Amino acid sequence: MAMFLYIFMILFSPAYGAASDFSQQVLQDSIAGTEYKDGVAAYKEGRYEDAVKLWKKAAKSGNTDAMCNLGTCYAKGAGVSSNYNQAVKWWREAAEKGNAMAQCNMGNSYMHGNGVKADAGAAVEWYRMSAAQGNPIAITSLGNCLLNGEGVLEDAISAVECFYEAAEKGYAIAQYELAGCYYSGVGIEQNLDEAIYWYKRSAAGGYAVAQRLLAICYENGDGVEKSYSEAAKWYLAAAKQGDAESQFVIAELYYSGQGVEKNASEAVEWYMKAARQGHIDAQYSLAGCYYSGTGTDVDYLRAFKWYYEAAKNGDVDALCQLAGCYYWGDGVKQDIFKAAQLYLKAANMGNADAQYYLAECYLNGHGMEPDIIEAWKWYNEAASQEHAAAQNAIGFFYYEGWVVDKNPEKAFAAFSSAAEQGYAEAQFNLANCYYSGKGVEQDRLKAARTYIQAAEQGHILAQHNLAVCFYNGIGVDKSYADAVKWYTKAAEQGYPQSQYELGMCYYNGDGVDKNREEARRWWKLAAEQEHEPSIRALRND
């Protein structure tokens, strides 16, 4: 629940549901003093200095609303330099003359220690004075004091009574607080129906936080029938009011197409709005969109900028991506040493990707002295977090006997863990283990099946080996047509042995019609890579 409401004004307050920058109380009451009315008009037009001059004249004539508004101008720095001491001076004068909003503002000042020494007890007294005049902001703030035991003995039941009183006056924030009490059963018997009723009232009254909470209820089916479209509706309403979290979530919904029509460019717009407010997840997601060209043009400079912002704000995933930008020179001058430093920093913060890439740096001597022991250490750190690529690397260490004794069984286990996560390289290595019987009982059927898993993800060597299996009927029914299919996929990715074998299929008419020119075309492509069998085939044809 919210703590204390930072509303300083008669100028505008959600207490009265006003759409302008001035409360209905100000706009509706027939307040004497031309200067005061002219000041209101000037403020609404953005002529803050003129408003201050006019209100000072009205204040000298004893107009307490003008005094209150002057205090607000000093608090906000509107038309004058921000000065809480001056703000409190004007609010106190108006409050002591009985102005309810000024009394509420004095309560806020004491509660937060702005312009006066923080004193929760004094804040409560000012809130009580304002609340006695029916000010819903003060009533709600008093409720929060009672709920949290700030400046007064904790009394959740009385807090709920305050929230209810202000809620009935139409104050959206009080309606939200009351909904929270019904939802959690604090100060009143838990009642989800009542909670949803008040959340809806508060949301309809324009309170963005309530709109977001209501959206969450619809998203999870909590107290209402689950509806992603309703959730999206309320997230969007809150987002349009500038609620950063809602802007991020509606961006996610547009990105995934959940509750709204999928629209990556719309997602980027909302990520941007949230990112500019400092929303870290939005900054990270926006950077990803620029990096991949999702919903916008590829722009490595902007991707780097937003990864940098998110990393600066403490996002370790962004820090890892920032390291990648330095490593590849994406959006910034390439600096392998800087990349390694950032990977190390992110790795020490527990980021599994960074731990893996740091291990790669140590293994290959990129940005640091080669150190296979350190590489082994960091692969293990990442693998302990179920990082598939690191698990695969661990398997390779055991398979080859690097740092540790050769252990085909442990290699097989590590490959299996990574393969279960869909990591194509590990699926290929696992298939090789089944094929050769290293670390596991030889099983050509399982080998072929596992080659298929990797091949379908585009793994070039798995595609080639699978083609060999089909050509020779190893672990699968013999099929030249399927062999040609997989040789073609690997050949199109530039693998010379597949190009050679595909050429032989065309030359002999295995799985395809004989076609000498097509055979020579594939052999030539392989020969350009100095593939000796293809060079000989061309020479002998």
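Source: prediction; values computed, not measured.

## Points about the overall build of the protein
- Summing up its helical and strand segments, the protein has 30 helices and zero strands in all.
- Relative to its length of 541 residues, the protein is extended, with a C-alpha radius of gyration of 34 Å against a globular reference of 24 Å.
- Seen through its principal axes, the protein has C-alpha atoms that stretch 110 × 50 × 50 Å.
- In the protein, the share of contacts with a sequence separation of at least 24, taken over all contacts with a separation of at least 6, comes to 44%.
- For the protein, the accessible surface area stands at approximately 24,900 Å², while carbon and sulfur atoms represent 45% of it.
- Positive and negative charge centroids in the protein, built from 46 and 67 side chains respectively, lie 6 Å apart.

## Focus on the pattern of salt bridges
- One pass over the full model with this rule turns up eleven salt bridges.
- For K233, the salt bridge goes to E230, with nearest N and O atoms at 3.8 Å. With K233 and E230 both in helix α13 (residues 228–240) and three residues apart, the pair spans about one turn of that helix.
- For K233, a relative accessible area of 45% translates into the label partly exposed.
- Note that R516 and E517 form a salt bridge whose closest N and O atoms lie 3.6 Å from each other.
- Owing to a relative accessible area of 54%, E517 belongs among the exposed residues under this scheme.
- Look at the salt bridges and you will find they share partners, linking R516, E517, R520 and D541 into a network.

## Details of unusual backbone geometry
- In this structure, E386 is a non-glycine residue whose phi angle is positive, near 65°.
- Considering the arrangement of structural elements, one finds E386 in the loop between α21 (372–383) and α22 (388–400).
- What makes E386 partly exposed here is its relative accessible area of 48%.

## With respect to helix α12 (residues 208–220)
- Across its 13 residues, α12 extends 18 Å between first and last C-alpha, which sits within 8% of the 18 Å expected from 1.5 Å per residue.
- Those residues of α12 that sit buried are A208, A210, Q211, R212, L214, A215, C217 and Y218.
- Contacts from the buried residues of α12 go to α10 (172–184), α11 (192–204), α13 and α14 (244–256).
- Once α12 finishes, G221 follows within two positions and takes phi at roughly 65°, a positive value.

## Remarks on a negative patch on the surface
- On the surface, E245, E252, D281, D317 and D353 cluster together to form a negatively charged patch.
- For E245, the position within the fold is in helix α14.
- Residue classification places E245 among the partly exposed residues on the basis of a relative accessible area of 33%.

## A word on the environment of Q385
- Mapped onto the fold, Q385 is located in the loop between α21 and α22.
- Of the residues examined, Q385 reaches a relative accessible area of 40% and is grouped as partly exposed.
- Sequence separation between Q385 and K233 is 152 residues, and the spatial gap between their C-alpha atoms is 37 Å.
- If near-sequence neighbours (up to four positions away) are discounted, Q385 is found in contact with G350, N351, A352 and Q355.
- Among the polar contacts made by the side chain of Q385, one reaches the side chain of Q355 at a distance of 3.0 Å.

## So, the side chain of N351
- Position of N351 among the secondary structure elements: in the loop between α19 (336–348) and α20 (352–364).
- Among the polar contacts made by the side chain of N351, one reaches the side chain of D317 at a distance of 2.6 Å.
- In terms of polar contacts, N351 uses its side chain to reach the backbone amide nitrogen of A354, at 2.8 Å.
- Contact partners of N351, with chain neighbours within four places excluded, come to V316, D317, C320, A346 and Q385.

## Some thoughts on the packing of aromatic side chains
- For the structure shown, the criterion picks out 28 aromatic pairs.
- Look at W376 and Y398: their rings are 5.6 Å apart centre to centre, the planes differ by 85°, and that puts the pair in the edge-to-face class. Of this pair, W376 sits in helix α21 while Y398 sits in helix α22, and the two are 22 residues apart along the sequence.
- Its relative accessible area of 16% is what places Y398 among the buried residues.

## Observations regarding the side chain of Q463
- Looking at where Q463 falls in the secondary structure, it is placed in helix α26 (residues 460–472).
- A polar side-chain atom of Q463 sits 3.4 Å from the main-chain amide nitrogen of A490.
- Not counting residues up to four positions away in its chain, the partners in contact with Q463 are A455, G458, W486, K489, A490 and Q493.

Reading the values: rules and limits
- Residues numbered from 1 in each chain as written.
- Predicted model: local features only at pLDDT ≥ 70, side-chain atom pairs only at ≥ 80, totals over all residues.
- Heavy atoms only, no water.
- Helix = DSSP H or I, 4+ residues; strand = E, 2+ residues; numbered from the N terminus.
- Rg over C-alpha atoms; globule rule 2.2 N^0.38 Å.
- Contact = heavy atoms within 4.5 Å.
- Areas by Shrake-Rupley, 256 points an atom, 1.4 Å probe, with all protein chains shown as cover.
- Lys, Arg positive; Asp, Glu negative; His and termini not counted.
- Charge placed at Lys NZ, Arg CZ, Asp CG, Glu CD.
- Salt bridge = Lys/Arg side-chain N within 4 Å of Asp/Glu carboxyl O.
- Buried < 20%, exposed > 50% of the residue type's maximum accessible area, 1.4 Å probe, protein only.
- Expected span 1.5 Å × (residues − 1).
- Patch = residues over 30% accessible without salt bridge, like charges linked within 9 Å, V, L, I, M, F, W, Y side chains within 5 Å.
- Polar contact = N/O pair within 3.5 Å; in protein donor to acceptor, adjacent residues only side chain to side chain.
- Phe/Tyr/Trp six-rings, centres within 6.5 Å; stacked < 30°, edge-to-face > 60°.

Structural measurements only, silent on function.
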